[in-house]
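Remarks on the overall topology
One letter stands for each residue in the lines below.
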Amino acid sequence: MFWSLATFAYLLGSLSFAILLSRLTGNPDPRMSGSGNAGATNMLRLAGKKLAVLTLLGDACKGLLPVLIASLAGLTLQQQAWIGVCAVLGHLFPLYFRFRGGKGVATAAGMLLGIYPPAALLALLGWLLTFYLTRTSSLAALIATPLTLPLLAWQEPAALLPMSVLTLLIVWRHRGNLRDLFAGRERHF
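A few points on the structure. (Residues numbered from 1 in each chain as written. Predicted model: local features only at pLDDT ≥ 70, side-chain atom pairs only at ≥ 80, totals over all residues. Heavy atoms only, no water.)

**Here we look at the overall build of the protein chain**
For the protein chain, the count of helices and strands is ten helices and zero strands. Helices (α) and strands (β) of the protein chain occur, in sequence order from the N terminus, as α-α-α-α-α-α-α-α-α-α. Computed over the C-alpha atoms, the radius of gyration of the protein chain is 16 Å, within 12% of the 16 Å expected from 2.2 N^0.38 for a compact globule of 189 residues. In terms of principal-axis extent, the alpha carbons of the protein chain reach across some 40 × 35 × 25 Å. Among the 189 residues that make up the protein chain, the fraction classed as buried is 47%. Of all intrachain contacts in the protein chain linking residues separated by at least 6 positions in sequence, the fraction that spans at least 24 positions is 64%. Averaging the positions of the 15 positive and the 5 negative side-chain charges in the protein chain gives two centres separated by 7 Å. (Helix = DSSP H or I, 4+ residues; strand = E, 2+ residues; numbered from the N terminus. Rg over C-alpha atoms; globule rule 2.2 N^0.38 Å. Buried < 20%, exposed > 50% of the residue type's maximum accessible area, 1.4 Å probe, protein only. Contact = heavy atoms within 4.5 Å. Lys, Arg positive; Asp, Glu negative; His and termini not counted. Charge placed at Lys NZ, Arg CZ, Asp CG, Glu CD.)

See below:
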């Protein structure tokens, strides 16, 4: 059951809502325009609020749905978390779009919502506060994701290793943003 759900999670995660919505509405491929990222922030810049919100919700559901199915199937919390990681891997490296995907933040948020909602709330509050203070989405994501680790270590230690791996993946996918942040070139809203 675990491997079947992990495969399902990866294949579901490979559905890029930013790319699909762009194609459906005649907008440019987000991987070729703006920041080059297939995610909600770039969709906001390229296609407006409505498509950005739809991208955000779709990407979050890709992380949430496999975790909920794994929970209903009786898998352990750690197995659920690894299945969520597989959904994020699908978003990062989508099978259907030549393995060029987004940065995984919204999909990770959906996964976290399914694993432990208080951690998802903490991440959301950290993201919102950082974004409010800096107007920088990448910095908000880089702060919000690791912010959940101490809470998980305390309340849900079984999810700590998968979430730590996920945090490293998200930081790695933001390495260009980190260079731009340190150089003072990162985009702001």
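Read on, since the account is not over.
**Considering the packing of aromatic side chains**
Tallied over the entire structure, the rule returns four aromatic pairs. Between the aromatic rings of Phe2 and Trp3, the centroid separation amounts to 5.0 Å while the plane-to-plane angle is 80 degrees, which identifies the pairing as edge-to-face. Pairwise contacts between aromatic rings join Trp127, Phe131 and Phe189 into one cluster. A cation over an aromatic ring shows up here: Arg173 above the ring of Phe93, its NZ or CZ 5.3 Å from the ring centre. Over the ring of Trp172 we find Arg175, and its NZ or CZ is 4.1 Å from the ring centre. (Phe/Tyr/Trp six-rings, centres within 6.5 Å; stacked < 30°, edge-to-face > 60°. Lys NZ or Arg CZ within 6 Å of the ring centre and 35° of its normal.)

**Side note on the nonpolar core**
In this structure, Met111, Leu112, Ile115, Leu152, Met163 and Leu166 are the most contacted members of the largest nonpolar core, which totals 23 residues. Put simply, the parts of the chain that give this core at least two residues each are helix H5 (77–92), helix H6 (105–115), helix H7 (117–134), helix H8 (137–155) and helix H9 (160–173). The leading source of residues in this core is H5, at five residues. Membership of the second largest hydrophobic core comes to nine residues, among which are Phe2, Ala6, Leu75 and Ile83. (Core = buried A, V, L, I, M, F, W, Y, C linked by side-chain atoms within 4.5 Å.)

**Notes on the pattern of salt bridges**
Evaluation of the coordinates by the stated rule reveals three salt bridges. Asp29 is the salt-bridge partner of Arg31, the closest N and O atoms lying 2.7 Å from each other. Looking at Arg31, the relative accessible area reads 11%, which means it is buried. For Arg185, the salt bridge goes to Asp180, with nearest N and O atoms at 3.0 Å. (Salt bridge = Lys/Arg side-chain N within 4 Å of Asp/Glu carboxyl O.)

**Looking at a nonpolar patch on the surface**
A surface patch of nonpolar side chains, amounting to about 490 Å² of accessible area, comprises Leu11, Leu15, Leu20, Leu95, Tyr96 and Phe99. Note on placement: Leu20 falls in helix H2 (residues 17–25). Looking at Leu20, the relative accessible area reads 31%, which means it is partly exposed. (Patch = residues over 30% accessible without salt bridge, like charges linked within 9 Å, V, L, I, M, F, W, Y side chains within 5 Å. Areas by Shrake-Rupley, 256 points an atom, 1.4 Å probe, with all protein chains shown as cover.)

**Some points on helix H4 (residues 49–72)**
Helix length check: H4, at 24 residues, gives a terminal C-alpha distance of 34 Å against a target of 34 Å (1.5 Å per residue), a fit within 8%. At Lys62, H4 shows its maximal bend, which comes to roughly 25 degrees, and the proline Pro66 appears one to four places after that position. Residues Leu51, Ala52, Thr55, Gly58, Asp59, Lys62, Gly63, Pro66, Val67 and Ala70 constitute the buried set of H4. Where the residues of H4 are buried, they touch helix H1 (2–13), H2, helix H3 (40–47), H5 and H6. The first or second residue beyond H4 is Gly74, which carries a positive phi of 85 degrees. (Expected span 1.5 Å × (residues − 1). Bend = angle between axes of the 7 residues up to and from the residue.)

**Concerning unusual backbone geometry**
The backbone phi angle of Arg98 is positive, close to 55 degrees, even though this residue is not glycine. The class of Arg98 is exposed, set by a relative accessible area of 75%. In this structure, Arg135 is a non-glycine residue whose phi angle is positive, near 60 degrees. Mapped onto the secondary structure, Arg135 falls in the loop between H7 and H8. The partly exposed category is assigned to Arg135, whose relative accessible area is 37%.

No statement about biological role is implied by the geometric values presented.
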